[in-house]
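# Structural overview
The residues making up each chain are set out below.
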Amino acid sequence: MGMKKLCLSLLAVSAMLFIMSGCDKVGDKATSMSFIYGVTGLFSLLLLVGYFALIRKKEMWFIVLFTSVFVVNTGYLLLSVSKTLEMALNANRIAYLGSVFLPLSMIMIIAKVSDIKIRKWTVCILGIISMLVFLIAASPGISDIYYKSVSLSYINGVSVLVKEYGPWHPSYLFYLLGYFLLMVSITIHAIVKKKLESTAHAVVLIVAVFVNICVWLLEQLVKIDFEFLSVSYIISELFLICLYLMIQHQEVLISSLQEKITAAQKKREEPGKNSPEFTERCNYMAQQLPRLTPTERAIYECYISGMSTKEVLTEMNILENTLKFHNKNIYSKLGVSSRKQLVEYAVAINNNKS
């Protein structure tokens, strides 16, 4: 029930963000771009701080994701308030820094929640590609390979870069498209191979992937001054963290259930102290005690006297592996499966003697 409320909350936040960046005329929208970028930047910062404050078991790629989203929105905000071309280009570089590493973190998170292992050398190659794409995207002002020319313009007081694309500009578009295709492939593979535990997990993962794809296609097909990806990135990280928390919650439930089952099995296996079976096991152990070697008998006496493993090693002057070897022989000869069981039967045997 808690997870359902969480998902509904995420949908409400997503709807609010889209309404804020909504469908007004471009001129009207430009006047509020700085405010919206400020809100998305603040919201992404709160998500980053909240992740560190509230999530105990932290994942490196979630840290990269939350940090990247914050960096992207910070770059967009700084760009919208830049007063010089140099400031605008630096802000643009900050936005691209987050943008190129964000898809990489999403891929790694999607692979993790889909129980798909990605080799370290693959991650290294993807990281190198991300860095190269960033260097290309950060080249304006230094080289004309990404933008042939770029100037700073103001629309209703908001700074906007006016760009003429260079020959290497499609590299970033192909980079994003490649990651989107990889996300779709991993998602389909996870669903087909039933890597996801439930339909709800599959739905959340699909939404997280396709929100970005749809927004990216919208920005390619329609001329819009506002960067909708700044909003879609936040929505995606919300859905991914929701999915991750759902899986963690399910793992806790499964672990708890397994512990209960194990405890119940042990309870059934352990006979009561007053039962005939317990008495029979004690008698069997008492009969087998003479079979112990002098060393094994000495270790047995150490155990029933309450010594710890470290104390036994010191007393017997033996190594831990040697003790493990003797334990295996002792347990086998006496018909017990653990030190706890051995001591319990030994106490009962001594009480019967007295």
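Below: a short report on this structure. Everything numeric here is computed off the predicted structure, so don't read it as measured data. (Residues numbered from 1 in each chain as written. Predicted model: local features only at pLDDT ≥ 70, side-chain atom pairs only at ≥ 80, totals over all residues. Heavy atoms only, no water.)

## Considerations on the overall build of the chain
- Looking only at helices and strands, the chain has 14 helices and two strands in total.
- The proportion of buried residues among the 354 residues of the chain is 42%.
- Within the chain, contacts between residues separated by at least 24 positions form 68% of all contacts whose residues are at least 6 apart in sequence.
- With the model as given, the accessible surface of the chain reaches about 19800 Å², and the carbon-plus-sulfur share is 63%. (Helix = DSSP H or I, 4+ residues; strand = E, 2+ residues; numbered from the N terminus. Buried < 20%, exposed > 50% of the residue type's maximum accessible area, 1.4 Å probe, protein only. Contact = heavy atoms within 4.5 Å. Areas by Shrake-Rupley, 256 points an atom, 1.4 Å probe, with all protein chains shown as cover.)

## Comments concerning the environment of Asn329
- Relative to the assigned elements, Asn329 resides in helix H13 (residues 320-334).
- Spatially, the C-alpha atoms of Asn329 and Thr293 are 9.7 Å apart, while their sequence positions differ by 36 residues.

## What to know about the side chain of Ser159
- Looking at where Ser159 falls in the secondary structure, it is placed in strand E2 (residues 158-165).
- A polar side-chain atom of Ser159 sits 2.3 Å from the main-chain carbonyl oxygen of Ser82.
- Setting aside residues up to four positions removed in sequence, Ser159 forms contacts with Leu79, Ser80, Val81, Ser82, Leu152, Ser153 and Tyr154. (Polar contact = N/O pair within 3.5 Å; in protein donor to acceptor, adjacent residues only side chain to side chain.)

## Thoughts on the pattern of salt bridges
- Summed over all chains, the structure comprises four salt bridges.
- Its salt-bridge partner being Arg297, residue Glu301 comes within 3.2 Å of it at the nearest N-O pair. Residue Glu301 and its partner Arg297 are located together in helix H11 (residues 294-304), separated by four residues, close to a single helical turn.
- When its relative accessible area of 36% is taken as the criterion, Glu301 is described as partly exposed.
- By relative accessible area, Arg297 is classed as partly exposed at 31%. (Salt bridge = Lys/Arg side-chain N within 4 Å of Asp/Glu carboxyl O.)

## Considerations on H11
- Every buried residue belonging to H11 is among Glu296, Ile299, Tyr300, Cys302 and Tyr303, and all of these are buried. One side of H11 carries all its buried residues, which in axial view fall inside an arc of 160°. (Arc of directions from axis to C-beta.)

## Describing the side chain of Ser68
- Checked against the element boundaries, Ser68 lands in helix H4 (residues 60-80).
- Classification of Ser68 as buried rests on a relative accessible area of 6%.
- The contacts of Ser68, once residues within four sequence positions are left out, are Gly98, Phe101 and Leu102.

## Some details on the packing of helix H6 (residues 120-137) against helix H7 (residues 170-192)
- Two numbers describe how H6 lies on H7: the axes approach to 10 Å, and their chain directions differ by 150°. Between H6 and H7, the angle is such that the two are roughly antiparallel. Viewed along their axes, H6 and H7 form a crossing whose handedness is left-handed. Between H6, through Leu126, Ile129, Ser130, Val133 and Ile136, and H7, the contact on the second element is made entirely by Ser171, Tyr172, Tyr175 and Tyr179.
- Looking at side-chain class alone, the contact of H6 with H7 contains seven nonpolar, two polar and no charged residues. (Axes fitted to C-alpha atoms, helices over the stretch in contact; angles between N-to-C directions. Parallel < 35°, antiparallel > 145°, perpendicular 65-115°, else oblique. Left-handed = near helix turned anticlockwise from the far one by under 90°. Nonpolar A, V, L, I, M, F, W, Y, C, P; charged D, E, K, R; others polar.)

## Regarding the nonpolar core
- In terms of nonpolar packing, the biggest core is built from 46 residues, with Phe62, Leu65 and Tyr172 touching the most fellow members.
- Within the residue set of this core, elements represented by two or more residues are helix H3 (33-54), H4, helix H5 (85-113), H6, H7 and helix H9 (229-269).
- Sequence-distant contacts of Leu65, defined by excluding residues within four places in its chain, comprise Leu102, Ser105, Met106, Ile109, Glu237 and Leu240.
- With 21 residues, the next largest nonpolar core counts Phe278, Tyr303, Ala348 and Ile349 among its residues. (Core = buried A, V, L, I, M, F, W, Y, C linked by side-chain atoms within 4.5 Å.)

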